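Residue-level structure breakdown
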Amino acid sequence: MLVTLNEILKETREKKYAVGAFNATDYLLGEAVIKAAEEANVPVIMMVPTPAFKVKQTPYLMQFILDRARKASVPVCMHLDHGKDFDIVMQAIHYGCSSVMFDGSLLPIEENLEKTKEIVKIAHACGVSVEAEIGHVPGSKNQPATGAPDESMYTDPEDAVMFVKETGVDALAVSIGTVHGAFVGEPKLDFDRLKKIREMVDVPLVLHGGSGLPEEDFRKCIELGISKINFFTELATAVSRAAYGVMKEKEGNIMWPDVSPTAEQAGIDAVKEQFRIFNTQPLHLN
Ligand code: 13P
């Protein structure tokens, strides 16, 4: 069942769980994510990353995910991840995404606000939810070896309040010390900041850069009000390692159909493990 971000995050705060959001960069990952959700009987967010729009096959991948989401036995939200410009966001809506992220986090705040506002107006008219980001979650390539990213990128709680009020976004991605990609060093999340933002902001909060965080950090983030957790690097690595393991065993004398079931199963297992950690609960929508 295809649902919006608003619908899928509806019970997260009350029941103290988060919904996992996984990047479906290709068919195998997309299938693994949906299968995992169906087997665990929990809702899931299938994220389509922006680079997927740059290839000729985009409509086919979108069509596959959309079809799979509609037929799934659990609620599935099809969400554009990190849409950085107006055209990509509009294309995602056109292809059937039930939710989009507009990422203006590197723009001056006024520009981020104006662009987000315009997108919210159009997306809401189409029945599509919008996530935006204030502060910036950097890539791990820009992360200092000490672990924590530069605090100047963290979300300012006052800015977050103003941004949500002015734009009318449905969910807000916050920067509290996570990074996209493999974490360097020990994560040191700013839980006090998260608590403050949660107390001041009413919409569901999103944690990007889930890979590399220990289980207790996820639990604490959920306890403090995170509703959606983006997770990709560890999932993609688990799938690749499983495929490599099979190939290595046969010294490369192998065909893809002998590899893909193992790779898919590794994806299913990795996603299910995150459901357990995120305490994701079944969701029944009418
Ligand atoms: P990781 O790859 O660090 O898990 O982050 C994923 C993400 O936040 C996608 O938006």
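Residues numbered from 1 in each chain as written. Predicted model: local features only at pLDDT ≥ 70, side-chain atom pairs only at ≥ 80, totals over all residues. Heavy atoms only, no water.

So, about the overall build of the chain. The number of helices and strands found in the chain is 11 helices and eight strands. What you see for the chain is a C-alpha radius of gyration of 18 Å, in line with the 19 Å of a compact globule of 286 residues. Each of the three principal axes of the chain carries a C-alpha extent, and together these read 60 × 45 × 35 Å. Across the 286 residues in the chain, those meeting the buried criterion constitute 55%. Expressed as a percentage of contacts within the chain between residues at least 6 apart in sequence, the contacts between residues at least 24 apart total 74%. With 29 positive and 41 negative side-chain charges, the chain shows a separation of 2 Å between the mean positions of the two kinds. (Helix = DSSP H or I, 4+ residues; strand = E, 2+ residues; numbered from the N terminus. Rg over C-alpha atoms; globule rule 2.2 N^0.38 Å. Buried < 20%, exposed > 50% of the residue type's maximum accessible area, 1.4 Å probe, protein only. Contact = heavy atoms within 4.5 Å. Lys, Arg positive; Asp, Glu negative; His and termini not counted. Charge placed at Lys NZ, Arg CZ, Asp CG, Glu CD.)

Let's shift gears to helix α6 (residues 109–125). In a regular helix each residue adds 1.5 Å, so 17 residues correspond to 24 Å; α6 covers 24 Å between its end C-alpha atoms and thus fits that length. Lining the buried residues of α6 we find α5 (86–95), β4 (99–102), β5 (129–134) and α7 (157–167). Immediately beyond the C-terminal end of α6, within one or two residues, lies G127, with a positive phi of roughly 75°. (Expected span 1.5 Å × (residues − 1).)

Further remarks concern helix α8 (residues 191–200). If you check which residues of α8 are buried, you get F191, R193, L194, I197 and R198. Here the buried residues of α8 occupy an arc of 155° about the axis, which is enough to place them on one side. In α8, the exposed positions that point more than 90 degrees away from the buried face belong to D192 and E199. Turning to α8, the residues buried within the fold contact α2 (12–15), α7, β6 (171–174), β7 (205–207), α9 (215–223) and β8 (226–231). (Arc of directions from axis to C-beta.)

Turning our eyes to something else, we now look at the site of the ligand. Surveying the vicinity of the ligand reveals 14 residues, the closest of which are D81, G181, G209, S211 and T233. In this structure, S211 approaches the ligand through a side-chain N or O atom, which is 2.6 Å from an oxygen atom. Within the backbone of F232, one N or O atom sits 2.9 Å away from an oxygen atom of the ligand. Relative to its unbound accessible surface of 310 Å², the ligand loses 96% to contact with the protein. Counting only elements with at least two residues in the shell around the ligand, the list comes to β3 (76–83) and β8. A breakdown of the residues in the shell around the ligand according to their chemical character gives three nonpolar, 10 polar and one charged. (Near = heavy atom within 4 Å. Polar contact = N/O pair within 3.5 Å; in protein donor to acceptor, adjacent residues only side chain to side chain. Areas by Shrake-Rupley, 256 points an atom, 1.4 Å probe, with all protein chains shown as cover. Nonpolar A, V, L, I, M, F, W, Y, C, P; charged D, E, K, R; others polar.)

By themselves, these observations are geometric and do not establish any function.
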